[in-house]
Amino acid sequence: MSEPHENLTRVGLSILGSTGSIGRSALDIVRSHPGRFSVRGLACGKNFEEAILQAREFRPEVLSVDDSIYGRVRDALTGTGVQVLAGGEGACAVAAIEHADVLLSAIVGEAGLAPTWEGIRPGRTIALANKETLVVGGQTVIDRIREKGARLVPVDSEHSAIYQAMRGHPWSGVRRIILTASGGPFFGKTRSDLEQVSREQALNHPTWKMGPKITIDSATLLNKGLELIEARWLFDVPADQIEVVVHRQSIIHSMVEFEDASVLAQMGVPDMRGPISYAISGEERLPIGVPFLDLVKTGTLTFFGPDHETFPAIRLAARSILRAGQGALYLNMANEIAVKAFLAGQLPFTGIYEIWERVLAEAPEVVPDSLGEIRKAVRRATDLAMEAVSRIGSGSPAPVHP
Ligand code: MG
């Protein structure tokens, strides 16, 4: 049997967020397909050991790390030929490296927007795991992608499912998008049950293994709300054509319903390597070590409507994009601050809801039309969220960027 990919040109790949769960999975795929990828740039945070290991193994041209470990990393990589940079500027420099065919954008939160923005280049594929780039950047980011002639391929499993289902189908025949949601660790609970839940309970997700921020977002279901906003921009569909269905097994990753009542679903064992590989490989079907789906063993697939009383996040997210303006940006920043405060023990679980409501109510209707304007809006929303946390939480909120 011949090697199926031996004649393909190497994919030049840069990764923003290389030591996070998405970044590490991507590097696993790179490792298991030698000769298929060439790592050009890596950007990560404070994980010194992992940053050094990755740089030594993958030999990127540029590695950017958090300012706090910059000196040690630079010293440790002396003589390797890897250029070491630091902080937000370093991440932007990694994103801007030439010869990267694909930029995997997997920094968590609004911090991912600026480097992703820098990475939007003619002919490049942006493999987008950072949903905040679209939640916060909205139309402004979409305009830049079109203007530069870049391609956006989603890495979020739900959006990847829709993207895959839509290959070969015109959007004019679509009636609805159906986003599946696992329901998170608090499925079946009432709102009053949630008042006392601990950090540990919220961090215990039933099907997906992810970083702490997105795990909390899955517990509140705001992750699904942010995904609804992300889908609105990715696929240019209005919020009222996007429905959420709770599907506990996470086997169906999302669906598209057409005007002829046909529904296309994309399925598989829940494993982020699937959508990551699809996006970074140029939409190839590489063997990546994900277990094959055994439907008989799976047995039953179940579906429920979301409980909007206990989990107001989905409706709030839909409301945030009903009118043009900064609603989604404000909701996102409120959430980033609230989740940090919850993880630091400064806010009860349902206090997160209160921060969303309070901050969203302040969102202006004017659309920021440049990265500079977006960043100003982010600062205003962040300040409002921190004020709200200090008013209703216990203790003062942890300092946050920017
Ligand atoms: Mg998702």
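It should be noted that the structure appears before, not after, this text.
Anyway, here's the lowdown on the structure attached to this text. In this text the structure is predicted, and so the values were computed from the model without any measurement.

### A closer look at the coordination of the magnesium ion
Those donors, Asp156 (OD), Glu158 (OE) and Glu227 (OE), are the protein atoms that reach the magnesium ion, and they lie 2.1 to 2.2 Å from it. Here the donor residues for the magnesium ion map to a single chain with the spacing D-x1-E-x68-E.

### Quick notes on the sheet that holds strand S2 (residues 37–43)
Strand order across the open sheet formed by seven strands is S4-S3-S2-S1-S5-S6-S7, with parallel pairing between neighbours. At either end of the open sheet lies a strand with only one pairing partner, and these are strand S4 (83–86) and strand S7 (151–154). Pairwise comparison of adjacent strand axes, ignoring direction, gives a mean angle of 25° for this sheet. As paired elements, S2 and strand S3 (residues 62–65) share three bridges and run parallel to each other.

### Digging into the packing of helix H15 (residues 327–343) against helix H17 (residues 371–392)
For any two helices packed against each other, the geometry is given by the interaxial angle and the distance between the axes. Between H15 and H17, the shortest axis-to-axis distance is 8 Å and the interhelical angle comes to 45°. Between H15 and H17, the crossing angle belongs to the class labelled oblique. Crossing geometry of H15 relative to H17 is assigned as right-handed. For the pair formed by H15 and H17, the contact residues are Leu329, Tyr330, Met333, Ala334, Ile337, Ala338 and Ala341 on the first element and Ile374, Ala377, Val378, Arg380, Ala381, Thr382, Leu384, Ala385, Met386 and Val389 on the second.

### Some thoughts on the sheet that holds strand S10 (residues 252–258)
As summarised here, the arrangement of the four strands in space is S9-S8-S10-S11, forming an open sheet in which the pairing is mixed. For this open sheet the edge positions go to strand S9 (242–246) and strand S11 (263–267), each flanked by a neighbour on one side alone. Each strand of the sheet is rotated relative to its neighbour by a mean of 20°, with strand direction disregarded. Both S10 and S11 contribute to a ladder of five bridges, which runs antiparallel. Counted as the bridge partner of Val256 is Leu264 from S11. The sheet contacts of helix H7 (residues 157–165) involve strand S8 (174–181), S10 and S11, and relative to S10 the element is tilted by about 40°.

### Focus: the layout of surface pockets
Quantified by volume, the second largest pocket comes out at close to 500 Å³. At the level of elements, H7, S11 and helix H12 (273–280) are the ones that each hand at least two residues to the lining of the second largest pocket. Class assignment for the residues of the lining of the second largest pocket results in 12 nonpolar, nine polar and three charged.

Reading the values: the criteria
- Residues numbered from 1 in each chain as written.
- Predicted model: local features only at pLDDT ≥ 70, side-chain atom pairs only at ≥ 80, totals over all residues.
- Heavy atoms only, no water.
- Donors = N, O, S within 2.8 Å, 3.2 Å for Na, K, Ca; no water.
- Pairing = 2+ DSSP bridges.
- Helix = DSSP H or I, 4+ residues; strand = E, 2+ residues; numbered from the N terminus.
- Axes fitted to C-alpha atoms, helices over the stretch in contact; angles between N-to-C directions.
- Parallel < 35°, antiparallel > 145°, perpendicular 65-115°, else oblique.
- Left-handed = near helix turned anticlockwise from the far one by under 90°.
- Contact = heavy atoms within 4.5 Å.
- 1 Å grid on protein atoms, 1.4 Å probe; cavity = no way out; pocket = protein on both sides within 12 Å on 5 of 7 lines; lining within 4 Å.
- Points joined across faces, edges and corners; volume = space filled by probe spheres on them.
- Nonpolar A, V, L, I, M, F, W, Y, C, P; charged D, E, K, R; others polar.

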